[in-house]
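Breakdown of the fold
Listed here are the chains, written in short residue letters.
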Amino acid sequence: MTTTETPLIHMRGIRKVFHTDEVETHALSDVHFDIHEGEYVAISGPSGCGKTTLLSILGLLDTPSAGEYSIAGESVARLAPVDRARVRNQQIGFIFQAFNLIGDLTVFENVELPLTYRDMAASERRDRVQAALEKVGMTHRARHFPAQLSGGQQQRVAVARAVAGEPAILLADEPTGNLDSKNGESVMELLRELHAGGASICMVTHDVRYVAHADREVALFDGKIVAAHEPSPAMR
Amino acid sequence: MRHFTLALRIVRKSPFVSTVAVLSLALGIGANAAIFSLFDQLLLRALPVAAPHELVNLSAPGPKPGSTTCNQQGSCEEIFSYPMYRDLERSQSVLTGLVAHRAFGGSFAVRDEPFTAEGVWVSGSYFPTLGIQPAIGRLLGPADDEVPGAHDVVVISHALWMERYGGAPSAIGERLVVNGVSYTIVGVAPANFEGATIGSRPLAWLPLSMYPNTGTPQPLFESRRRYWLYVFGRLKPGVTLEQASTALNTLYSPILADVEAPLQEGMSDATMQRFVTRRIEVTPGQRGQSNIHREAKTPLLMLFSVTGIVLLIACANVANLLLARGAGRATEMGVRLALGASRRQLVTQLLTEAVVLALLGGVASLFVAHWTLHLIGTLLPPIATESLSLSLQPSVMLFAGLLALGTGVVFGLFPALHSTRADLISAIRAGASQMTGGKAASRFRTTLVTVQVALSMALLVSAGLFIKSLTNVSRVELGADIDQLVTFAISPGRAGYDSTRASAFLARVEEELATIPGVTGVTSALVPLLAGNNWGTDVRVQGFAHGPDIDANARLNRVGPGYLATMGMSLLAGREFTHADVLGATPVALVNETFAAKFGLGRDAVGKFMGIDGDDSLTVQIVGLMKDAKYSDVKDPVPPLFFTPWRQVANTTYLVFYVRSSLPSAQLLAAIPPLMRRLDATIPVEELKTMPQQVRENVFLDRMISILSAAFAVLATLLAGIGLYGVLSYSVTQRTREIGVRVALGANAARVRALILRQVALMVGIGGLLGITVALALGRAAQSLLFGLEGHDPLVFAASVLLLALVAFAAGYAPARRAAAIDPMQALRYD
């Protein structure tokens, strides 16, 4: 991996301040942070350190109070809502802790959902959904509804949904948080396979076991990056 | 399509919410569609003729000395004399045609089978001006309207053609008997054409030249002091209403001043001035000429307002349900947004769901509309149901569809916009099971319910006003005993009897009716009681000054012997008519108290003399003074009224009979037609009914408005109650943790219940006050429809407040009880 090429994710001086009544809370302060294409980064830290805020800004679910942020060279810190939706749809794949599959849609329709927002032809959508489900081993469940699946299966579907649009980066927020250890391991294995296949991944976790899966760990504390390094061999 | 499929899935997934929403909308849209059906037929629809917007109606308000006879085609301000119509028709240059027409009810006979129906006398310009084409044969033209009495041809309606001739072309050339005169059928009007008077369904159009040209001192066609024709025309291309008015008045004014003014006698200078300055008013005529436009407007607008309010309440309910469901789907919306959906896409999805619900409601509303129209049909008199279509017509379905679409967008918009304003991060992290709802949504929901309460209050008050009004109407002292009384009419004159034969026949009918077992009294009259008919004339009364502009008008009736006794009316002094009061005997009259008071007779009326029908000599002796009794309408004040014996008039060819019996009315109703068939099968029995039925028909508008508004008000209050219940239930669910904390801190059940019921009191208090304000405005608007009370009747307002408070308390009590039963241990674990 080289560090001279244009980073996929580029953050400089990111700050996030929440205002409630007369109280100012600095959730993130002067965050400088890059992720390169094909990299697998784990963001770790204790509760309240700003992990989720950082992931939300990374996923364009929230806007920074200050700082520069670009994805694949495109500045995205101050985009209009409609452009943010476009970038989220085309560049980012989300994997949530609570899976967040839509109960009224079948597995197939859940995976297809982000593609429907692209005005993509139905045949192409079908091919991509098929490929994504094959990738996570859930083709046989395509006609089922989420409530008919186990937690691990639901998260596999969520991963398929995240990769179906072939995004530039996958953002995973505590992807094993709602799973037992066996299913958690299985999902982590799936992410590792995706990474091996070339996917860029940024994962928030406070589980040290899973940090070891990443190429690089970014540790947050009180809204600041306190360490950025390769996970220790012991962890790996 | 994807949106639509998902919307259907959502509807199926929450059957309770969907059912309540669909039912609410069905009731709201259906009620509106039903009233729209009447509104459309009576007030909106243009005549089915070529370029109806070019049609204009003519009227000439102002003094009309002489006789005026007006009917359902319009007010007495709108009628013209025959000579004036012909003068205008000959000379005018701004219209492509000027038409005179006069509707009538007559005795018809097809192949010797008699029946009563409506017909229209029409000028030769009628069909050419309307620009319609016959179904078969030909229509009437100017050539059929040239020589009085010489054109025995008739055009029949499509309905008559189908019903009596089976739609056979051979009907052309057959004979149709109308009022005893035989006419040759020359054509059939097109299927959708029912004349130029909304609310009537004539079966035949006859040449005006065939109208019986009788009368004294001049025949009808020569008299300029007899006003009886309704007139309309079609503007020439490029001519405006103003230009037409100017041009017609340029002709009209000199005729008034030079020809008609010299004919007037005994007119004061002031009245003469008003007479010669009368002007023709030209108004748009695309909807034809009909009293219904004026009479139905206020009641229909009132009912439309009521059903509009019901729909608003239904929409508020559905919006509330959708908001609650939207809160439950906050995570889904957050996820969709996170996956790149634009807000527009989500709003489209949610609006599709709302519209699907609305369309389902729209389909269900057709059943509600059908039932509502059926209910209306049971409240209308037969003459109205015959002339109205009370089935679901395409225009009603289109209206229901558009209303469903519109309401879908309106009630779906705020929930859609609100649900897609999700705080993405909290929505996504909240988890699918947790409901979220912002302060804005909560405020909106509370506002919706408050508005529902306000609207319900307004409807309850208006329903209360109409019910009290109907109660007042039902308590009106009629001055007659209508129970056990049956009435019907016959017209031997229309069946070809001359006046001598007709009088003899009518007298025989009276005798034969008396022989029916159980009959205790029979009498007859020329003017039916409480049927909306008014016959009036100027009279001279002994001791009462007479002169120009002195009101000497009184209502009249010609009645048979024993009229007062049979009708249960009271005689205060003198006697009533006997079989000895016949032509040739001393002319006699009975007068009522109001007559005696108006003409200064007091209690000494009996023995005084009077003159009738322009007769200056006082030749009629008043032989009896009767107690005031209602005459034309239940709600109208008793007019000055006198009776004369019909047997003292030479030309009686039509009578209404009243038969009193100790038997059930149904038996008597069944016995009359066979008796009449035995006496003369060619004379149809008309208007056979009980007198209570006649009175109900006389006040049908009051009954219809009060029953419908009460039904709609109950419906609206129920919907508002459901809305209130829904909001409070949702509020209790949302406040479970807070209530748990309160209970943990020592709040007892009563305090918790009070906490919830305070919410109810606040919404009902504010909504109630708003509703009272709206109700006051509605009461003012409906004043003309109320009888015997003011639009701000305090008792009605108090009762409405009480009823609404009870409903609100009932709706709030269950959620309050549920709140009071919250287990703090569970509540504090609630997530």
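Conventions and cut-offs
Residues numbered from 1 in each chain as written. Chains lettered and ligands numbered in written order. Predicted model: local features only at pLDDT ≥ 70, side-chain atom pairs only at ≥ 80, totals over all residues. Heavy atoms only, no water. Helix = DSSP H or I, 4+ residues; strand = E, 2+ residues; numbered from the N terminus. Buried < 20%, exposed > 50% of the residue type's maximum accessible area, 1.4 Å probe, protein only. Contact = heavy atoms within 4.5 Å. Areas by Shrake-Rupley, 256 points an atom, 1.4 Å probe, with all protein chains shown as cover. Lys, Arg positive; Asp, Glu negative; His and termini not counted. Charge placed at Lys NZ, Arg CZ, Asp CG, Glu CD. Axes fitted to C-alpha atoms, helices over the stretch in contact; angles between N-to-C directions. Parallel < 35°, antiparallel > 145°, perpendicular 65-115°, else oblique. Left-handed = near helix turned anticlockwise from the far one by under 90°. Pairing = 2+ DSSP bridges. Expected span 1.5 Å × (residues − 1).

Looking now at the overall build of chain B. Secondary structure assignment for chain B yields 25 helices and 23 strands. Sorting the 831 residues of chain B into buried and exposed places 54% on the buried side. Sequence separation of at least 24 residues holds for 80% of the intrachain contacts in chain B that already meet a minimum separation of 6. Summed over its atoms, the accessible surface of chain B is roughly 34100 Å², and 60% of this surface lies on carbon and sulfur atoms. When the 67 basic and 58 acidic side-chain charges of chain B are each reduced to a single mean position, those positions are 17 Å apart.

A separate point is the packing of helix 1 (residues 2–13) of chain B against helix 11 (residues 343–379) of chain B. All names here are of chain B. Orientation of helix 1 relative to helix 11, taken along the N-to-C sense of each, is 60 degrees, at an axis distance of 9 Å. The orientation of helix 1 with respect to helix 11, classified from their angle, is oblique. Handedness of the crossing formed by helix 1 with helix 11: right-handed. Where helix 1 approaches helix 11, its residues His-3, Phe-4, Leu-6, Ala-7, Leu-8, Ile-10 and Val-11 are matched on the opposing element by Gln-345, Thr-348, Gln-349, Thr-352, Glu-353, Val-356, Leu-357 and Leu-360.

Moving on, we get to the pairing of strand 11 (residues 226–235) of chain B. Residue and element names in this part refer to chain B. Most of strand 11 sits out of view: nine of its 10 residues are buried. The pairing of strand 1 (residues 55–59) with strand 11 spans four bridges and is antiparallel. Across the sheet, the residue bridging to Asn-57 is Phe-232, located in strand 11. Sheet analysis places strand 2 (residues 67–68) next to strand 11, joined by two bridges and oriented parallel. When the bridges of strand 11 are listed, Thr-68 appears paired with Tyr-227. Bridging between strand 3 (residues 79–81) and strand 11 involves three bridges; their strand directions are antiparallel. Each residue of the ladder has a partner; that of Ile-79, found in strand 11, is Tyr-230. Pairing of strand 4 (residues 95–110) with strand 11, which is carried by six bridges, proceeds in the antiparallel orientation.

On to helix 16 (residues 499–514) of chain B. Residues and elements named next belong to chain B. For helix 16, built from 16 residues, the straight-helix expectation of 22 Å at 1.5 Å per residue is met to within 8% by its first-to-last C-alpha distance of 23 Å. If you check which residues of helix 16 are buried, you get Ala-502, Ser-503, Phe-505, Leu-506, Ala-507, Val-509, Glu-510, Glu-512 and Leu-513. Of the surrounding elements, those touching the buried residues of helix 16 are strand 13 (485–490), strand 14 (519–525), strand 22 (655–661) and helix 19 (665–679).

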